[in-house]
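# Coordinates in review
The chain contents come next:
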Amino acid sequence: MRGASFMNRTLPILTVLLAILVIWYAAAIGMNASWQTRLNDRANLVDVPFTEFAMQTWAQDRPVLPAPHQVVGEIWNATVALEITSKRSLAYHGWITLSSTLLGFVLGTALGVGLAVIIVHNEAANRSLMPWIIASQTIPILAIAPMVVVGLGSIGVTGTVPRALISMYLSFFPVVVGMVKGLRSPEAIQLDLMRTYDATSWQTFWKLRWPAAMPMLFASMKVGIAISLIGAVVSELSNAAGGGLGVRLLTGSYNGQTIQIWAALFIAAALAAVLVMIVGFAERMVNARMGARA
Amino acid sequence: MSQLQYFLALVAGGLSAAAFALSFATPLEQGLLLKAFLGLGFLSLIRFYVPLGLWADGAFALLGAVALLTSVGVFDPTPSFFWIALVVAWLFAWLFVERLSKTLAPRLSDNGGLGLLIPVVFGAALLVIWEVVTRGANIPPVLLPAPSMIAAQLVNSTPILWADFVQTFIKSVLPGYAIGCLSGLIVAILVDRSPFLKAGLLPIGNFMSALPIIGIAPIMVMWFGFDWQSKAAVVVAMTFFPMLVNTVAGLNASSIIERDLMRTYAAGYWQTLMKLRLPAAGPFIFNALKINSTLALIGAIVAEFFGTPVVGMGFRISTGVGRLAIDLVWAEIAVAAVAGSAFYGVIALIERGVTFWHPSVRGGRA
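Rules of the game
- Residues numbered from 1 in each chain as written.
- Chains lettered and ligands numbered in written order.
- Predicted model: local features only at pLDDT ≥ 70, side-chain atom pairs only at ≥ 80, totals over all residues.
- Heavy atoms only, no water.
- Helix = DSSP H or I, 4+ residues; strand = E, 2+ residues; numbered from the N terminus.
- Rg over C-alpha atoms; globule rule 2.2 N^0.38 Å.
- Buried < 20%, exposed > 50% of the residue type's maximum accessible area, 1.4 Å probe, protein only.
- Contact = heavy atoms within 4.5 Å.
- Areas by Shrake-Rupley, 256 points an atom, 1.4 Å probe, with all protein chains shown as cover.
- Lys, Arg positive; Asp, Glu negative; His and termini not counted.
- Charge placed at Lys NZ, Arg CZ, Asp CG, Glu CD.
- 1 Å grid on protein atoms, 1.4 Å probe; cavity = no way out; pocket = protein on both sides within 12 Å on 5 of 7 lines; lining within 4 Å.
- Points joined across faces, edges and corners; volume = space filled by probe spheres on them.
- Nonpolar A, V, L, I, M, F, W, Y, C, P; charged D, E, K, R; others polar.
- Axes fitted to C-alpha atoms, helices over the stretch in contact; angles between N-to-C directions.
- Parallel < 35°, antiparallel > 145°, perpendicular 65-115°, else oblique.
- Core = buried A, V, L, I, M, F, W, Y, C linked by side-chain atoms within 4.5 Å.
- Buried area = accessible area lost by both parts, 1.4 Å probe.
- Salt bridge = Lys/Arg side-chain N within 4 Å of Asp/Glu carboxyl O.
- Polar contact = N/O pair within 3.5 Å; in protein donor to acceptor, adjacent residues only side chain to side chain.

### A few points about the overall build of chain B
- Along its length, chain B carries 15 helices and 0 strands.
- Relative to its length of 366 residues, chain B is extended, with a C-alpha radius of gyration of 27 Å against a globular reference of 21 Å.
- Counting only C-alpha atoms, chain B reaches 85 × 55 × 30 Å along its principal axes.
- In chain B, buried positions account for 49% of the 366 residues.
- Partitioning the contacts of chain B with sequence separation of at least 6, the portion at a separation of at least 24 is 73%.
- Carbon and sulfur atoms make up 74% of the accessible area of chain B, which amounts to about 17,000 Å² in all.
- For chain B, the distance from the average site of its 20 positive side-chain charges to the average site of its 15 negative ones is 10 Å.

This is the structure we're talking about:
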C-alpha cells in the first residue's frame, strides 16, 4: 500500500519538481547569457567553454534570474548566518510579516464567523449585508493597503495593527462565505428533529449548526490564512522603516538585488505553506475529535 | 411585530423624543427639517396603538437622510441631538429593511425589485453616514474625504482617471487575464491526457495558488520593463494556477457512465472532450474566471507600485497618497471598484448563459 502511494503520489510530484529545477537552471543560463557575454568581452575572455560559461551565469552578483542554489545560499546567509535582531536578517523581517499575518487572520476569522452567525439568523442582515460583502471584495483593498497604513499612521495607529487590519479585511471574506454555507448545511429534517426535541435556537446552533459548519470553516481558513499573508506583505510596501518581507521585496527592487528579492519571495512562500499546513493539521485534529473518518 | 422590530421601534421613537427635546436649545429656524423629522419620529410611537405600514418607516428613514444631509453644515459645533438624529435615521432604515425582508420571506423566489431594495437601502445608509460623519465631525479630508468630495473629484479629473483606466485595465489587466486563463486552460487539457503528470502538477498547482504570487511583481518589472508588459506578466502568473487547478478538477466532473456512453457512440478523445467534458467543466472554469477577474485587477495595480510610467491606477494611488491628494485616490478606488464589479458581473452573466443547465444557476443565483 505504502509503495503504491509512493508510485502514485510522491514520485510524480518529485518528477515535476525535478523538471522545474532543470528548466530553472537552463533558463538561468539563457537569461543571464547576454550580460555574461558582455562581461567576458570586457575581460577579453574568448572561447569560454560552455560548462564554464554555464557556471559563470549561475554565479553572477545581480543575475536576471538567479540560480536556485544562489537563492538557497542567500536564504541561509540571511537567516542562520546572521544575528536574528539584524536588520538584514530575513528571520527578523519574516517575524514582522508573520505577526501581522496571524493577528489579521485571528481578527478576520472572528469577524467572519460573527457576521456569518448574524447572517444565518437574520433574514434582513442576509439580504442587506451579503451583496455588500461580495462587492467589498471587488474594491482592490490590496491596492490601497499602503494608503490605509499611512492614513492610520497619521492618527497615531502604527506598528502591527494597521497591517493586521488589511489582513483582516482580506481574510474575513472567505470565512463569511464558507461559514454561511456551513451553518446552513444542516438539512431541514435535522432542524426539524431539533425542533421535536424542543431545542432552543441557541442549542440548535451549538449542537447542530456549529459542528456541521466545521469542514467549511477549515476550508475557508486555509484560503484566509494564505491571503492574510499576502495582505501583510503588500501593506508593508508603504513603510520602509517598518520592516517585513514586503520591504525586502521593495528595497531589492529599487537596488536591483535580484537574489534578495527571490530569497524574500521564497521565505514568504514557505511561510504561507507552513501556515496552511498548520491549519490543515488543526483540521485533522478537530475531525478526529468529532469522530469523522479522516 | 417580532421582538427585534418591537425593540427597534421603541428605541427609535424614544431617541427621537429625547433628541427632539434637546433640539429646543438651538434657535428654532436652524435645521428646521431635522427638528421636524425628530418630531415625527417621536410621533411614530403611536404605532403601539395604531399600526404603521412598513412604507411609513421607509419614509421616515428617507426624510431623516435628507434632513441630516441638508443640515450638516448649519450647526457649529455639531450639537448632540444631531448625532442622535443620525442614529434614529439609521434605526428607521433598519426597521424598514427588517419589516420588508419579513414580508418578502414567504415569497422566496419571486420578489423582483423589492428584494434589490434591501441592499440598496443598506448601501445608501452607509453613504449617508459616511457623508454626515465626515462633515459633521470635521474629519480632515486628508484622512477620509466625504463621498461628495470624491464624486466631485470623479467629475473634475475624468481625463486623468480615464488615462489611468486605459493603462491599467485595458492594457495590463485584459491581455494578462486572457493569456493567463487561456494558457491555464490549455495546460490543463494537455495535462489531462497523462495521469502521471496530473498527479505531479496538481498538488504543485494547488500549492502555487496559495502562495503570495503577487510578490513576483518586482521581478517582472525587472524582466519586462516599467510599462504595461510587466503588469500583464504578473497578471498572467496570478491567473494561471487557479485556472489550471479548476479546469483539471472540472475535466473530471463528467461521470464515468457518461464517458462510457460516449465510447459506445465511438466518439474519439477530442469529440468526448468538446461535446462532454469541457461543457461539464463549465462551472469550474467559470469559477476560475470569476476568481481571476478580481485577482487580475489587484495584481496589475500592486505591480505598479514597483515601478511604472507616469500613468496608471497604481501609480496614481501611490503618488496621490504621497501628495496627500486623498480625494483623487478615493476617486481612483471608486473607478477600480466599479471596473472590478463590472468585470465580475460580465463574467457572471456569461456564466449564466453558458452553464444554464447547472443547479447553481437554475436556482436563479449565480
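### With respect to the layout of surface pockets
- Its boundaries defined by the atoms lining it, the second largest pocket holds a volume of some 1,800 Å³.
- Mapped by element, the contributors of at least two residues to the lining of the second largest pocket are helix H4 (90-121), helix H5 (123-136), helix H6 (141-154) and helix H7 (160-183) of chain A together with helix H5 (112-136), helix H6 (147-156) and helix H14 (326-354) of chain B.
- It is H6 of chain A that provides the largest number of residues to the lining of the second largest pocket, a total of 8 residues.
- Grouping the constituent residues of the lining of the second largest pocket by class yields 41 nonpolar, 6 polar and no charged.

### Describing the packing of H6 of chain B against helix H7 (residues 158-192) of chain B
Residues and elements named next belong to chain B.
- Between H6 and H7, whose axes approach to 5 Å, the crossing angle comes to 80°. It follows from the interaxial angle that H6 and H7 lie roughly perpendicular. The residues of H7 that touch H6, namely those facing Gln 153, Leu 154, Val 155 and Asn 156, are Thr 158, Pro 159 and Leu 161.

### Considering the nonpolar core
- Val 176 and Met 179 of chain A together with Phe 306 of chain B are the most contacted members of the largest nonpolar core, which totals 79 residues.
- The element best represented in this core is helix H11 (residues 258-289) of chain A, accounting for 12 residues.
- Not counting residues up to four positions away in its chain, the partners in contact with Met 179 of chain A are Val 113, Ala 116, Trp 210, Ala 213 and Leu 217 of chain A.
- Leu 161, Phe 169, Trp 330 and Ile 333 of chain B belong to the second-largest nonpolar core, a separate cluster that totals 42 residues.

### Regarding the interface of chain B and chain A
- Across the contact, 46 residues belong to chain B and 51 residues belong to chain A.
- Across the interface of chain B and chain A, roughly 4,000 Å² is buried in total on both sides, 83% from carbon and sulfur atoms.
- One can count 0 salt bridges joining chain B with chain A.
- Inspection of the region where chain B meets chain A yields 2 residue pairs in polar contact (both at pLDDT 80 or more).
- Secondary-structure elements contributing two or more residues to the side of chain B that touches chain A are helix H4 (80-104), H5, helix H8 (195-210), helix H9 (217-224), helix H12 (269-303), helix H13 (313-322) and H14 of chain B.
- A per-element tally of the side of chain B that touches chain A places H8 of chain B first, with 9 residues.
- Counted by class, the side of chain B that touches chain A contains 36 nonpolar, 9 polar and 1 charged residues.

Scope: geometric values only; no functional claims are made or implied.
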